[in-house]
Structure formats: structure tokens, C-alpha cells
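Listed below are the residues making up each chain.
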2 protein chains.
Amino acid sequence: MSSTPNATTVAVDAMGGDFGPEVTVPAAIEFLLKPHNKDHRIILVGLEEPIQTVLRTHGAKELLDSKRLAIHGASEVVAMDESPALALKRKKDSSMRVAINLVKEGVAQAAVSAGNTGALMATARFVLKTIKGIDRPAIISTMPCLDTSQTLHMLDLGANVDSTPEMLVQFAIMGSVLTRYVDKKESPRVALLNVGAEEIKGSEKVKMASQLLNESPLNYVGYIEADEIFNGKVDVIVCDGFEGNVALKASEGTAKMIMKVLKEEFKRNALTKLAGACAAPVFRSIQSRLDPRSHNGASLIGLNGIVVKSHGGTDQVGFEYAIQEARQQASRNVIGHISQEIEKVYSI
Amino acid sequence: MSSTPNATTVAVDAMGGDFGPEVTVPAAIEFLLKPHNKDHRIILVGLEEPIQTVLRTHGAKELLDSKRLAIHGASEVVAMDESPALALKRKKDSSMRVAINLVKEGVAQAAVSAGNTGALMATARFVLKTIKGIDRPAIISTMPCLDTSQTLHMLDLGANVDSTPEMLVQFAIMGSVLTRYVDKKESPRVALLNVGAEEIKGSEKVKMASQLLNESPLNYVGYIEADEIFNGKVDVIVCDGFEGNVALKASEGTAKMIMKVLKEEFKRNALTKLAGACAAPVFRSIQSRLDPRSHNGASLIGLNGIVVKSHGGTDQVGFEYAIQEARQQASRNVIGHISQEIEKVYSI
């Protein structure tokens, strides 16, 4: 076991996601084999047999011997379509629950799961509780930007509806901290999602949150409209979970529609087929840029422990990104910085 | 002047939009020259001189002589970026205001403007007032669908934020009536925009509206997620103006981003340029399909008079669509049917 001060142990829910160990285990191995991750460890949590089966085919003996890779048994698995409430109540030995327990116990500094989002949120909230000063955890993710050199975090993407202006301010603090310490941006520009059409002055909630943010030490730059999300003018976009989910899903639905129509049109005749062939790599790059989850997974932020949610249908590369994201948040003490920022804001 | 029972007079704000008479006047002439519009009339409202100038270049003498085309002077113009409140207060003789007055006076059965949306909404609301039983007017528009044979209406797209469950039910009634009588669909499927992620049960407002809609005589089919908007599974999508605006703008922003990236990629080398050349018509068709306003403009619905808002940057064809939409809503007595439906719903 590594004793480097900065060493991080990530608990991986090996059973979560559409593919389970077939994706999570190779991703964990790939992560550990990267030179810059040599100090870090992973604990694979789940049913020993299927995990072992995949491990054997990937020859991870050295990692296991060096204890950089370990298995922690868990006898249950939360189904992707299982009710969060029931999963929380009945599956106390699920791979998801046990992985989060390891974070609570300090055995691991972060947990990663590609499992049922609702169950993950319910379990993480129940086990880890929220950071002092944070009312509710939020789901935060990077969003695609026109300029790929840009990164943008948006929250809440669906954990909370009917959130209060105070909660929006807390989201702003958390997004700002994550952006500052993970993306290394000195003073992240924070914007509130609002409707800019002249006929609208914005909801009462947003107007009140804007007032609070103006009085805060955050680098609050004002309102942003949904059609401006992707142009990288700001670093953090804050919104209620309902609106965040609508923006994300509308964007995904539009992208899917355009891609589908494009493919149809390019299949039309020989010339368009040729065009389509030339364009294939273009479509691939765009599709990956348009899936926010393919960047590094979404995170549940605001809890006393780091929990990263990988897209359920992601592949090995996507899941490794999620592990990397979890590792970074832990190494850079995002939770500690959120607590400090909360105190700073509320002491004003 | 035509005396056919079904004859409709549309008041056109000739000065509105980014191009004013240069677009609105030819569009009006084109509309009147269509055989199926032979019974209908248009009143061009605005500054006589610029209107006359365009009329002369288009030789509309016959239409003017037959009184199917008339000019109604208005001495002021509302700027695209003017404050709605100030426009309402100070410009009592604006082309927009006078066109709406003609509807109020019964001289015209519908008004069309490509002008300042906020000012149009404020003016229309002030002059026409809402239909009995409707608390607030809404902005309704068709949305693009993957299957172009489908039409879908969505409201509210931005007139009201913080709307109540009762208002959402009123939106549902109005959208259902418009779809039934304009799109000729017997029993339009009405859905409520909601967030479907497991971690969310939906906002209190949406849950209450869903209950009310279940008890209504409308063909309410339940919740729909934003990524399902474009697949044509329902005929009417109801939401608060904040969420509707976010969905619309996020969708437009995504489409713009994809198109921009595609164009960049296709410019990369000779081969991709060839591909791009072949693909050009594809892009054009997609872009037009992705601008909901290019279908037939958005309508302000719920007022004692028909007001259609054309996209400010639209061309002659787009503006003619908007006139056509206004004419249809008038001919098919959408307002009368809304009143009847309101009584039906509230008498239950």
C-alpha cells in the first residue's frame, strides 16, 4: 500500500452500469497502470466471482500483490431500474452502498459508480450526509463547449427541484470551488441560468439568488440564457435541478435528432454516401463532444465524501475518466475547500 | 371588399421585424395572390411612405383597387430593443399598437407582427385582455420533429414564469384547442414537461397540474422529458415559460453549436470540402427544421384576439407563414373554441 501523502484510494462499484465488471474492472486496471497514478489505489466492490473472472483475463496479479488493487466483497447489486427508496431500505450490502461506506469509514477517499443514479444519490445522501452549510447535494457535470479548450461546469442537473435561492447560492459555491481546484481556474465566472426574452424578468427565485450572489465574494457575472450555455463565456452555470435537467435533456434530444437526420440524409444516394464517408470522423468527434457524461462523469457534490456517477452505458475509457475525476477531487480536497468557502460566504 | 362568410382580414404590422416593409409588404402581397386566400384581406399598418415605396416596386394596384389590400397609417415604430413598458406607455400610435387596435375594434380578425416580442405581448395584453377563464396569455409555437409529417405545439415558451398549476391547465386547454382546430387532430395528446431522472419526482407545481389534467376531459397522456420533445410522441407539450424558454434556447444553442462545428470540420481539407458541398442541402434542410419559428411563427394565445408573432429575422416566406397561421386561427375560431373548452373543463 502506497504511503505517499497524496495517495488516494478510490472505491469502485464494480457491479454498476450496463456492463458491470466487464467495463469497471479493466477501467480500474488501466487507471492504475498510468504512470501519474502510481501512488493511487482502487478497491473493487461487488460480487467476488464475476470480478475475479474479469481480473484473471486481464492478468492484474502484480497490482493485486502490491495491494494497489483490492477486492471488497458485497453480496447484492442494485438494478438500474430499481426504486431508490427500496434499494436504500433493502440492499444494505449492495456494491454501491458498500463502496460509499468505505468512503464514510475513511478507507477510501472517493467512490465511483455507473449504477442507478437515484439509488446512488439516495444512498450517498443517507450514508455521507451533506457538508455543514449545504442543504442539499447537487449533480454537477461538465458541459460540451464550442471551443473544446474551454471547460464548463453546470449544476444542479437533476438532484433538486423546487430549490430555494439559498440553495442556488450553495450550488454556486460548490461549482466555483470544483472549478477552481479541479480545473485550476483562479476566479471562476459564475452565471445564473435565466430567461432573457424581453417579456420575462426571470423567476422570483432566480432574481433573489442573483441578489445574494451579487453580495457574495464569488465572481458572479450575472444571468445566462440557455442558448449561450455552450459558448464558453462562463465557467459555472447555476440552476434549479428541474431547469438543469431540461436544458441537458433538450440539448441531448436535439443532438440526437440532428445526428439521426444527418445519417438519414447522407444515406440518400452515392454522392451523399461519399460525403457521409468523409464526414464519419466529424460525426464521431461531435457526438463525443455532445455527451457531457463522456467527459468525466457527473459528480454528486455537497456530501461529506466524494461520489462520482459515471454514465451507465459508458465504456472502459469513459469509466476510467470517472475514476480520474474522483481521484482529482479527493487529491485536491474539494470537500475541505467547499467547507471553507461556505464559512467565508456566510461570515460576510 | 369580400363579403364571403369566411372572409378574414389580417392587420399586418408592416414596420416590425429586422427588415420592416421590405419583408412584410411582399409577404402580404404573396399571401393575397395565393388562390386559396382569394377571400381574405390584409391591412398594412405603419408609416405610409416606406410602405408605398415597397408597394410601388411590387405593382399591387389591383389588390389595392379591389380593397383586398389596404394601408392604415401609424406614425410611430417600436424599436426591436425598446422597453416593453415604455413602448406601451409612450407609443400609442405605433404600427404594432394600431394593428392590435384594429383587432380590438373588429376591423381585423387577427394581427401579425415581427416586432419586439415583449412590447407585442405587453401591448396585446393591455389592448385585448385575456379570455374569460384564462389568467395569463402564453406563447405557443410548433417545435421541429424528427418525423416532419408530425406537428407539435409547445407552450408556454416564455410569456410567464412562476406560473401556477391552474395556469398550466389553461395552457393545456389552449394548446389542445389550437392543435385540434388548426392541425385538425381530433383528440390531441397533451403532455406535461417534467424531469424523469429517478432522483426527481418532479416539482410540486407539475405534480399538482398533472392531477388536475387527469381529472380534465383533455387527452392528457402524462409526463414527457425534454429529450423526448422532438420525437413526435405527443401533440401538445405544456410547461412553465421558464422551462419552455430553457428547452427552446438549449435546443437552438445545441443546433447552432453542431452546425458551426460541422462547418468548421468540413472546411478542413479538399475531401471534407467535397463532402461539405454534397452535404450543403442537408444542412439547409436541417437548419430550417430546427428553427421552430420558421414554421409559422409563434402565437400569443389566451387573448380576446389573435396575435401572431413572426420571428424578427424572418424572410418573406417566413412572414407569409405567420400571416397564414393568423388567418387559420381566425377562420377556425380558435378563440371561441378556447372559451367553450374552458367552460367545459371548469363545469366539471
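Residues numbered from 1 in each chain as written. Chains lettered and ligands numbered in written order. Predicted model: local features only at pLDDT ≥ 70, side-chain atom pairs only at ≥ 80, totals over all residues. Heavy atoms only, no water.

1. Structural notes on the packing of aromatic side chains
Enumeration according to the criterion identifies zero aromatic pairs over all chains in this entry. Across from the ring centre of A:Phe126, 4.8 Å away, lies the NZ or CZ of A:Lys129, which sits over that ring. (Phe/Tyr/Trp six-rings, centres within 6.5 Å; stacked < 30°, edge-to-face > 60°. Lys NZ or Arg CZ within 6 Å of the ring centre and 35° of its normal.)

2. A word on a nonpolar patch on the surface
Taken together, the side chains of A:Leu271, A:Leu274, B:Leu271 and B:Leu274 define a hydrophobic patch exposed on the protein surface, amounting to about 350 Å² of accessible area. For the nonpolar patch, the elements supplying multiple residues, two or more each, are α10 (270-289) of chain A together with α10 (270-289) of chain B. With respect to the secondary-structure elements, B:Leu274 resides in helix α10. (Patch = residues over 30% accessible without salt bridge, like charges linked within 9 Å, V, L, I, M, F, W, Y side chains within 5 Å. Areas by Shrake-Rupley, 256 points an atom, 1.4 Å probe, with all protein chains shown as cover. Salt bridge = Lys/Arg side-chain N within 4 Å of Asp/Glu carboxyl O. Helix = DSSP H or I, 4+ residues; strand = E, 2+ residues; numbered from the N terminus.)

3. Quick look at the sheet that holds strand β9 (residues 236-238) of chain B
Residue and element names in this part refer to chain B. Spatial ordering of the open sheet is given by β3-β2-β1-β4-β11-β10-β5-β6-β9-β7-β8, a layout of 11 strands whose pairing is mixed. Pairing within the sheet leaves two strands with one partner each, and these edge strands are β3 (69-73) and β8 (220-224). When the angles between neighbouring strand axes are averaged without regard to direction, this sheet yields 25 degrees. Sheet analysis places strand β4 (residues 110-113) next to strand β11 (residues 306-309), joined by four bridges and oriented parallel. (Pairing = 2+ DSSP bridges. Axes fitted to C-alpha atoms, helices over the stretch in contact; angles between N-to-C directions.)

4. Section: the sheet that holds strand β5 (residues 138-143) of chain A
All names here are of chain A. A sheet is described by the order of its strands in space; here 11 strands give the open sequence β3-β2-β1-β4-β11-β10-β5-β6-β9-β7-β8, paired in mixed fashion. Unpaired on one side and paired on the other, β3 (69-73) and β8 (220-224) mark the two borders of the sheet. In this sheet, neighbouring strand axes are inclined to one another by 25 degrees on average, regardless of whether the strands run parallel or antiparallel. Bridge count between β5 and strand β10 (residues 298-301): three bridges; the pairing is antiparallel. Within the sheet, the bridge partner assigned to Ile139 lies in β10 and is Leu300.

5. Digging into the domain arrangement of chain A
Residue and element names in this part refer to chain A. Annotation of chain A at the domain level lists domain 1 (1-134 + 302-332) and domain 2 (143-293). A C-alpha centroid distance of 27 Å is found between domain 1 and domain 2. On the side of domain 2, nine residues touch domain 1, which itself brings nine residues to the contact. The three residues of domain 1 that bury the most area against domain 2 are Ile134, His311 and Arg332, which together make up 59% of that side's buried surface. In this assembly, domain 1 and domain 2 are joined by two residue pairs in polar contact (both at pLDDT 80 or more). Here the side of domain 1 that touches domain 2 gets three residues from one element, more than from any other, and that element is helix α12 (residues 316-331). For the side of domain 1 that touches domain 2, the per-class residue count stands at two nonpolar, five polar and two charged. (Domains from an automatic or database assignment. Contact = heavy atoms within 4.5 Å. Buried area = accessible area lost by both parts, 1.4 Å probe. Polar contact = N/O pair within 3.5 Å; in protein donor to acceptor, adjacent residues only side chain to side chain. Nonpolar A, V, L, I, M, F, W, Y, C, P; charged D, E, K, R; others polar.)

6. Here's the deal with the relation of the copies chain A and chain B
Once chain A has been moved 0.0 Å along the axis and rotated by 180 degrees, it coincides with chain B to within an RMSD of 0.1 Å. Classification of the inter-copy transformation places it as that of a two-fold axis. Rotation axis and chain A: the residue whose C-alpha lies nearest the axis is A:Ala275, separated from it by 1.8 Å. A shared interface surface links the copies, since 100% of the contact residues of chain A are contact residues in chain B too. (Least-squares fit on C-alpha atoms with pLDDT ≥ 70 in both.)

7. As for the confidence of the model for chain A
Predicted confidence across chain A gives a mean pLDDT of 89, with 93% of residues reaching 70 or more. Both scores are given for the predicted complex: the pTM is 0.87, the ipTM 0.86. (pLDDT = per-residue confidence, 0-100.)

8. Some thoughts on the nonpolar core
Counting residues in each nonpolar core, the largest one holds 186 residues, and the members touching the most others are A:Ile229, B:Ile42, B:Leu44, B:Ile229 and B:Ile323. Residues contacting B:Leu44, with those up to four places away along its chain left out, are B:Val12, B:Ala14, B:Val25, B:Ala28, B:Ile51, B:Leu55, B:Leu69, B:Ala70, B:Ile71 and B:His72. Core analysis: the next-biggest nonpolar cluster, separate from the first, contains 29 residues, A:Val12, A:Ala14, A:Leu63 and A:Ala114 among them. (Core = buried A, V, L, I, M, F, W, Y, C linked by side-chain atoms within 4.5 Å. Buried < 20%, exposed > 50% of the residue type's maximum accessible area, 1.4 Å probe, protein only.)

9. Observations concerning the interface of chain A and chain B
Contact residues are listed per partner, giving 60 residues for chain A and 60 residues for chain B. Across the chain A to chain B interface the summed buried area is about 5,000 Å²; carbon plus sulfur atoms make up 75%. Scanning the region where chain A abuts chain B turns up two salt bridges. Between B:Lys249 and A:Glu225 there is a salt bridge, with the nearest N and O atoms lying 2.1 Å from each other. At the surface where chain A touches chain B, the tally comes to six residue pairs in polar contact (both at pLDDT 80 or more). Residue assignment for the side of chain A that touches chain B shows that the elements contributing at least two residues are α6 (117-128), α8 (204-214), α9 (241-266) and α10 of chain A. Of all the elements, α9(A) adds the most residues to the side of chain A that touches chain B, at 20 residues.

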